[in-house]
Amino acid sequence: MLRSRWLHSSIFMILFFSISIFAFAKTVEAANQRISIQVDFIGAEGSDKIVPEVNVHLIDLSTGEAKEETFLFNDQAFNLPQGFQVKNRWEVVQVKKDMVPEFFRMNYSSYTVNTTEGIMGYALYEGKSYKKKVVDEWVTLEEDGINRKRLYVFNYTTKELKLLKESTLYEKLRPITYSYHTDLKTKEKFKSMDPWDYINSGTSLDKLFINADLYSLSDNTSKTTVLYSLSKNTYVATVPFDPEGILSPKTLTLCSRNSRCFESNESTSFNDNVVFMKSGRYYEILKNHSIKEIKKTTYDWWQYQWRIVVNNHVFGERRINGWDYIISTDNNKVTKLSERYTFVREVTVSPDHKYLAIFEASYNKEKSKYEEDQVRIYDINKQKEVRVIKLPYREAPINIIWHSNTVLQYRPFSTNNPSYIRNVNVEILTGIITKDLPGGYEIENAYFIDVADRDNYFSFARPLEIRYQEKLIKYTKQPSFEGENGLVYCSLKDLANGLGADIKVESGAVKLTLNGKTATVDLKDKQVILYEGTAYAPIKSIILKLGLQYKRENLASQINLE
């Protein structure tokens, strides 16, 4: 999980910026829970010190019950810059008002990661003090900035917080310059401010490459960037500054979005390894942190807009007769995977490299417009289409995450984030679609799911908590969830066990009986979901037929049955 908070003095501004990262790794022991570790940095009112505070959020997948643990590390408190103190949880202010006005903002981000040593929470703190330079009535710039960063790791098993690295960057604003121009029509002369820049000195903790187990520390004096192992906090490599230096993890997105595709002697040409350039050559940092040279893929743009290799099969995007297609080119034979008129929005590959998922907008030729969005699933090894799944929103997908080899999640893009937009889970082999709670994890899946067997799940949306007579209903496989239709689902077997109801299967139907009242569920009903021999159905109508009350307030995560 990544979460950031900005604290601005004097202007009373709060900004939340959130991302999330999901890392696949071997877990020590599955606990059947959803876990997120958030490291906050707080201070008492009037104090000149900041204290790390770790909040661990847990959701039991067998019941949907949420719990929270908090750990305060007063022994690791550190000082604010001289002249500043804490005003409240969100604001740090300058103490003496008769001094030259200075400002301070604080940003911190947290990542929850599953490692071979257990679940860890990494946190990057940033506190910047600066002055303001008023250039004119339209432009105000920061100057004389001092940016201090601190990198921490919290071990969930031992409950220990450790400081890994610190950095201090000094930012001095270069003199403002102007260019003079003459209007060709009026011959009037005017000036405009040139682009401004800063002279930097000192060091800066720049990037965390979570899936590659790396972080970077840049030195503005030597103009180099040093890469360290996150888990061991040991030296890995030294690379130059950009435009050489670090590029990015060697992902499919780097290739398809930035046209930086690389050749590989492996069966698949992309992964999470970090790629950097040095003296005009490209290098890749492997999982064991050894380094090997690689080559950038070169191709004719008319043949490929981008090109990847998956399990020794070649895929790419090509413009044919004015339309862009996703294609396969094994043995120099061109096979179109997407259809004419469809607009390809995004392409992603399952973690086991077995399936290609092509997000696209379908085109209505009669109405001459794009309508429904869909995802086309292609079996890479069998070289054939599996199915096309209609999606619940017309917005483009962002933040695509694979929770398992067959379940992916995405966030429909929206500029104003309306309440009806939810994270969507898609089981690609069955086409089952589920939705997360509105605002339930608006910070984009800020968690790690710790389960023994992901194949038991067709959705990893936030599990719902169902209580009957104050007792939690227990889930044996897939927890309760909200379906594409907005209804609350539960396994019929788990529901019957929780209610103490009799359950019988006969003639393609399931009957639940409680206190002489019966609810019958037709297994052929389109609203019923069958998965791995288990039936899941909307529970509200069943509960009412059994003479019970169904209570849920404002699409909350808790449902009470009475």
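What counts and how
Residues numbered from 1 in each chain as written. Predicted model: local features only at pLDDT ≥ 70, side-chain atom pairs only at ≥ 80, totals over all residues. Heavy atoms only, no water. Helix = DSSP H or I, 4+ residues; strand = E, 2+ residues; numbered from the N terminus. Buried < 20%, exposed > 50% of the residue type's maximum accessible area, 1.4 Å probe, protein only. Contact = heavy atoms within 4.5 Å. Areas by Shrake-Rupley, 256 points an atom, 1.4 Å probe, with all protein chains shown as cover. Lys, Arg positive; Asp, Glu negative; His and termini not counted. Charge placed at Lys NZ, Arg CZ, Asp CG, Glu CD. Pairing = 2+ DSSP bridges. Axes fitted to C-alpha atoms, helices over the stretch in contact; angles between N-to-C directions. Core = buried A, V, L, I, M, F, W, Y, C linked by side-chain atoms within 4.5 Å. pLDDT = per-residue confidence, 0-100. Phe/Tyr/Trp six-rings, centres within 6.5 Å; stacked < 30°, edge-to-face > 60°. Lys NZ or Arg CZ within 6 Å of the ring centre and 35° of its normal. Disulfide = S-S within 2.5 Å.

Which parts of the structure should I look at to understand the overall build of the chain?
For the chain, the helix and strand inventory stands at three helices and 46 strands. With respect to the principal axes defined by its C-alpha atoms, the chain has extents near 85 × 65 × 60 Å. Looking at the chain residue by residue over its 562 residues, the buried ones come to 51%. Considering only contacts within the chain whose residues lie at least 6 apart along the sequence, 50% involve residues at least 24 apart. Working note: accessible area of the chain is about 28,000 Å², and carbon and sulfur atoms make up 48% of it. Distance between charge centroids for the chain: 3 Å, based on 75 positive and 71 negative side chains.

Help me understand the sheet that holds strand S29 (residues 369-379) in this model?
Backbone-to-backbone hydrogen bonds join strands into a sheet, with any given pair of strands oriented parallel or antiparallel. Within the open sheet, the four strands sit side by side as S27-S28-S29-S30. Their pairing is antiparallel. With partners counted over all chains shown, the strands left at the sheet margins are strand S27 (343-349) and strand S30 (384-390), one partner each. Mean inter-strand twist for the sheet, computed between neighbouring axes without regard to direction, equals 25°. Strand direction decides the pairing type here: S29 and S30, joined by six bridges, are antiparallel. Its bridge partner lying in S30, Val375 is registered against Ile389.

Would you mind going over the sheet that holds strand S42 (residues 517-522) with me for this structure?
Spatially, the three strands line up as an open sheet ordered S40-S41-S42, and their pairing is antiparallel. Only two strands of the sheet have a single partner each, and these edge strands are strand S40 (502-506) and S42. Along the sheet, successive strands turn relative to each other by an average axial angle of 20°, direction set aside. Across five bridges, S40 lies against strand S41 (residues 509-514) in antiparallel orientation. Within S41, the position partnered with Val505 by the bridge is Val510. Against the sheet, helix H2 (residues 492-499) makes contact with S40, S41 and S42, and its axis sits at roughly 10° relative to S41, the strand it touches most.

Teacher, can you tell me more about the nonpolar core here?
Across soluble globular proteins, you tend to see nonpolar side chains buried next to one another. Formed by 29 residues in total, the largest nonpolar core has its most connected members in Ile466, Leu495, Leu499, Ile539, Ile542, Ile543 and Leu561. Taken together, the elements giving at least two residues each to this core come down to strand S36 (465-468), strand S39 (488-491), H2, S41, S42, strand S44 (534-538), helix H3 (540-545) and strand S46 (558-561). Looking at this core element by element, the count peaks at four residues for H2. Beyond its immediate stretch of four places on either side in the chain, Ile539 contacts Ile466, Val488, Tyr489, Cys490, Leu495 and Tyr550. Ranked by size, the runner-up nonpolar core spans 25 residues in total, among them Val56, Val92, Phe104 and Tyr125.

How should the confidence of the model for the chain be read in this particular structure?
Segments scoring low in pLDDT should not have their predicted coordinates read at a detailed level. Residues of the chain with pLDDT of at least 70 account for 93%, and the chain-wide mean is 89. Between residues 1-28, whose pLDDT stays under 50, and residues either more than four places distant or in other chains, the model counts 116 contacts.

Hey, could you run me through the pairing of strand S31 (residues 397-402) in this one?
Each regular strand displays side chains that alternate between the two surfaces of the sheet. The pairing of S31 with strand S32 (residues 407-412) spans four bridges and is classified as antiparallel. Looking at the pairing, Pro397 lines up with Pro412 of S32. Taking the residues between adjacent antiparallel strands as the criterion, S31 and S32 are bridged by four residues.

Explanation requested: the packing of aromatic side chains in the structure shown.
Describing an aromatic ring pair means giving the distance of the ring centres and the angle of the ring planes. For the structure on display, the rule yields 27 aromatic pairs. Aromatic side chains Phe359 and Tyr410 sit 5.4 Å apart centroid to centroid with 70° between the ring planes, which places their arrangement in the edge-to-face category. Placement of the pair is Phe359 in strand S28 (residues 355-364) and Tyr410 in strand S32, with a sequence separation of 51 residues. With respect to class, Phe359 is no different from Tyr410; both count as buried. Measuring from ring centre to ring centre gives 6.2 Å for Phe481 and Tyr536, while their planes differ by 55°; the resulting arrangement is tilted. Of this pair, Phe481 sits in strand S38 (residues 481-483) while Tyr536 sits in strand S44, placing them 55 residues apart in sequence. The two residues Phe481 and Tyr536 agree in class, both being buried. The structure contains a cluster of three or more aromatic residues connected by ring pairs, namely Phe41, Phe78, Tyr108, Tyr125 and Tyr152. Directly above the aromatic system of Phe78 lies the positively charged group of Arg150, at a separation of 4.1 Å from the ring centroid. Residue placement shows Lys159 over the ring face of Tyr156; its charged tip is 4.1 Å from the ring centre.

Sorry if this is basic, but what is going on with the state of the cysteines here?
Between two cysteines, a covalent bond joining their sulfur atoms is known as a disulfide. Going through the model one piece at a time under the given rule, you end up with one disulfide. Cys255 shares a disulfide with Cys261; S-S distance 1.8 Å. Every disulfide takes its handedness from the sign of the S-S torsion; for Cys255 and Cys261 that torsion is 80°, giving right-handed. The same class applies to Cys255 as to Cys261, namely buried.

For this particular structure, what's the right way to read the pairing of S32?
By the criterion of burial, S32 is predominantly enclosed, with six of the six residues buried. Along S32, one buried face is formed by Val407, Gln409 and Arg411 and the opposite face, lined by Leu408, Tyr410 and Pro412, is buried too. Relative to strand S33 (residues 424-427), S32 runs antiparallel, the two sharing four bridges. In the strand pairing of S33, Leu408 is matched with Val426.

I'm lost on the environment of Ile503 in this one. Help?
As for its placement among the helices and strands, Ile503 is situated in strand S40. The exposure class assigned to Ile503 is partly exposed, which follows from its relative accessible area of 36%. A C-alpha to C-alpha distance of 61 Å links Ile503 and Tyr283, two positions 220 residues apart in sequence. Not counting the four nearest positions on each side in its chain, Ile503 is found in contact with Leu492, Lys493, Ala496, Val510, Lys511 and Leu512.

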